[in-house]
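What follows is each chain in one-letter form.
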Amino acid sequence: MQSKISRRSVAVVLGCGALALAGAALAQAPAFFRIGTGGTAGTYYPIGGLIANAISTPPQLVSTAVASNGSVANVNAIVGGAAESGFVQADVAYWAYSGTGVYEGKPKVAELRSIANLYPESVHLVVRKAANVKSVADLKGKKVSLDEPGSGTLLNAKAILAAFGVGEKDISAEYLKPNQAAEKMKDGSVDAFFFTGGYPAAAISELASTGSGIAILPITGAEAEKLAKDSPFFAADEIPAGTYKDVGAVKTVAVGAHWVTSAKISNDTVYAVTKALWSDKTRAALDAGHAKGKVIRKETALSGLQGVPLHPGAEKFYKEAGLLK
């Protein structure tokens, strides 16, 4: 009898121990925080990789950068649970949250929440010099890549063409990633392509370095001013001389790159992510890792975020940092 009781006691103790270990394991279960970025030849992907590596603190937080088709695809991934967060152009984020623009007639993405404004994304309109294209209007009759479906670039390209009186029917349109468009430009099967992103963009840098003979068209004048008036997310911008080999300074337009998430993600997780984003570790990684990393600053973290509310976790951090009252 005493032996049976002893065995039962041991079983109870072992059972309690197993439960305690399971509880400890659950307590240590990492928060996974995927960042939807863009194509590997753009700017979202390398910046996302730098941030993901810097903010990861296993076992508490594990972050990864995920290649995607861009802004619209990232919003869809957040809604569908395929990503906890993503980089999204300011205009796309606002349209998604408000159910306007390209989201007109679709359900509002009411769960969308902001983490931070990152940097301005410049619109690059890259052309073959041999195509003899001097202005946006000259694109009529040319082979032009507008970027792939799901990208913010595609939406910007359509808006810019329309502002300059060029419709999709006026061009031979293709819908390629920047690296694919750059490859086709080398053999002359593409005359021009759009890319919205932080400079320098890898695909354009590589293309310019091959001596293929490229130019970047300016997007200026009355048409650009009307574009900015109709869509206040566009701001005047300039790509500095020497950003790309043998390409001088180019006046263009830009939109903000925002990091967004879902209201469904816990306050603790987003607070930890936001705090890690503005840590000394991440600052060093951004400064050393990419030219656009240097302009991702805490001082401008809240610029242009009025269209999509802050996540409460991010709001808590910015209040602690004295950036919000």
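It should be noted that the structure appears before, not after, this text.
Structural notes, computed from the coordinates. (Residues numbered from 1 in each chain as written. Predicted model: local features only at pLDDT ≥ 70, side-chain atom pairs only at ≥ 80, totals over all residues. Heavy atoms only, no water.)

### Observations regarding helix α4 (residues 90-98)
Point 1. Of all nine residues that make up α4, seven are buried, and the element is covered over most of its length.
Point 2. Of all the residues in α4, the buried ones are Ala90, Asp91, Val92, Ala93, Trp95, Ala96 and Ser98.
Point 3. Turning to α4, the residues buried within the fold contact α3 (71-80), β3 (85-89), β4 (112-128), α5 (152-163) and β10 (250-262).
Point 4. Where α4 terminates, the next one or two residues include Gly99, which has phi positive at roughly 70 degrees. (Buried < 20%, exposed > 50% of the residue type's maximum accessible area, 1.4 Å probe, protein only. Helix = DSSP H or I, 4+ residues; strand = E, 2+ residues; numbered from the N terminus. Contact = heavy atoms within 4.5 Å.)

### Quick notes on the pattern of salt bridges
Point 1. Scanning all chains against the criterion turns up 13 salt bridges.
Point 2. Of the charged contacts in the structure, one is a salt bridge between Glu168 and Lys158, with a shortest N-O distance of 3.7 Å. With Glu168 in the loop between α5 and β6 (172-174) and Lys158 in helix α5, the pair connects residues that are ten residues apart, well separated along the chain.
Point 3. Looking at Lys158, the relative accessible area reads 36%, which means it is partly exposed.
Point 4. Note that Asp287 and Arg297 form a salt bridge whose closest N and O atoms lie 4.0 Å from each other. Taken as a pair, Asp287 in helix α10 (residues 280-289) and Arg297 in the loop between α10 and α11 (312-320) lie far apart in primary sequence, ten residues in all.
Point 5. Take Asp287: its relative accessible area is 30%, and that puts it in the partly exposed class.
Point 6. On the basis of relative accessibility, which here comes to 33%, the residue Arg297 falls in the partly exposed class.
Point 7. A single salt-bridge network, built from bridges that share partners, covers Arg283, Asp287, Arg297 and Glu299. (Salt bridge = Lys/Arg side-chain N within 4 Å of Asp/Glu carboxyl O.)

### Structural notes on the packing of aromatic side chains
Point 1. Taken as a whole and judged by the stated rule, the model has five aromatic pairs.
Point 2. Centroid distance Tyr44 to Phe87: 5.6 Å. Interplanar angle 75 degrees. Geometry classified as edge-to-face. Pair noted here: Tyr44 is in helix α2 (residues 44-55) and Phe87 is in strand β3, with a separation of 43 residues, a long-range link. The residues Tyr44 and Phe87 share a single accessibility class, namely buried.
Point 3. For the pair Phe317 and Tyr318, a centre-to-centre distance of 5.5 Å together with 70 degrees between the ring planes defines the contact as edge-to-face.
Point 4. Phe317 gets classed as buried once you look at its relative accessible area, which sits at 8%.
Point 5. Take Tyr318: its relative accessible area is 0%, and that puts it in the buried class.
Point 6. Here the aromatic cluster, defined as three or more aromatic residues joined through ring pairs, consists of Phe33, Tyr44, Phe87 and Trp259.
Point 7. Sitting over the face of the ring of Tyr271, Lys316 holds its NZ or CZ atom 4.5 Å from the ring centroid. (Phe/Tyr/Trp six-rings, centres within 6.5 Å; stacked < 30°, edge-to-face > 60°. Lys NZ or Arg CZ within 6 Å of the ring centre and 35° of its normal.)

### Some details on unusual backbone geometry
Point 1. Cis geometry marks the peptide bond from Pro58 to Pro59; its omega dihedral reads 5 degrees.
Point 2. Positionally, Pro59 belongs in the loop between α2 and β2 (61-66).
Point 3. Looking along the chain, the bond that leaves Tyr199 and enters Pro200 is cis, with omega of 0 degrees.
Point 4. Tracing the backbone shows Pro200 in the loop between β7 (192-197) and α7 (202-209).
Point 5. Backbone geometry places Asp147, a non-glycine residue, at a positive phi of 85 degrees.
Point 6. As for its placement among the helices and strands, Asp147 is situated in the loop between β5 (143-145) and α5.
Point 7. Even without glycine at this site, Asp246 takes up a positive phi of about 65 degrees.
Point 8. Along the chain, Asp246 falls in the loop between β9 (235-239) and β10.

### Observations concerning the pairing of β3
Point 1. Within β3, five of the five residues are buried, leaving the element largely enclosed by the surrounding structure.
Point 2. Burial of the side chains of β3 extends over both faces: Ser85, Phe87 and Gln89 are buried on one face and Gly86 and Val88 on the other.
Point 3. For strand β1 (residues 31-36) and β3, the ladder comprises two bridges, and the chain directions are parallel. By the bridge assignment for β3, Ile35 is matched with Ser85.
Point 4. Taken together, the five bridges between β3 and β10 define a ladder with antiparallel strand orientation. Looking at the pairing, Gln89 lines up with Ala257 of β10. (Pairing = 2+ DSSP bridges.)

### Quick word on the layout of surface pockets
Point 1. The computed volume of the largest pocket comes to approximately 190 Å³.
Point 2. Lining the largest pocket are 14 residues; nearest its centre among them are Asn117, Gly256, His258, Ser303 and Gly304.
Point 3. Listing elements by their share of the lining of the largest pocket, those giving two or more residues are β4 and β10.
Point 4. By residue number, the principal contributor to the lining of the largest pocket is β4, which donates four residues. (1 Å grid on protein atoms, 1.4 Å probe; cavity = no way out; pocket = protein on both sides within 12 Å on 5 of 7 lines; lining within 4 Å. Points joined across faces, edges and corners; volume = space filled by probe spheres on them.)

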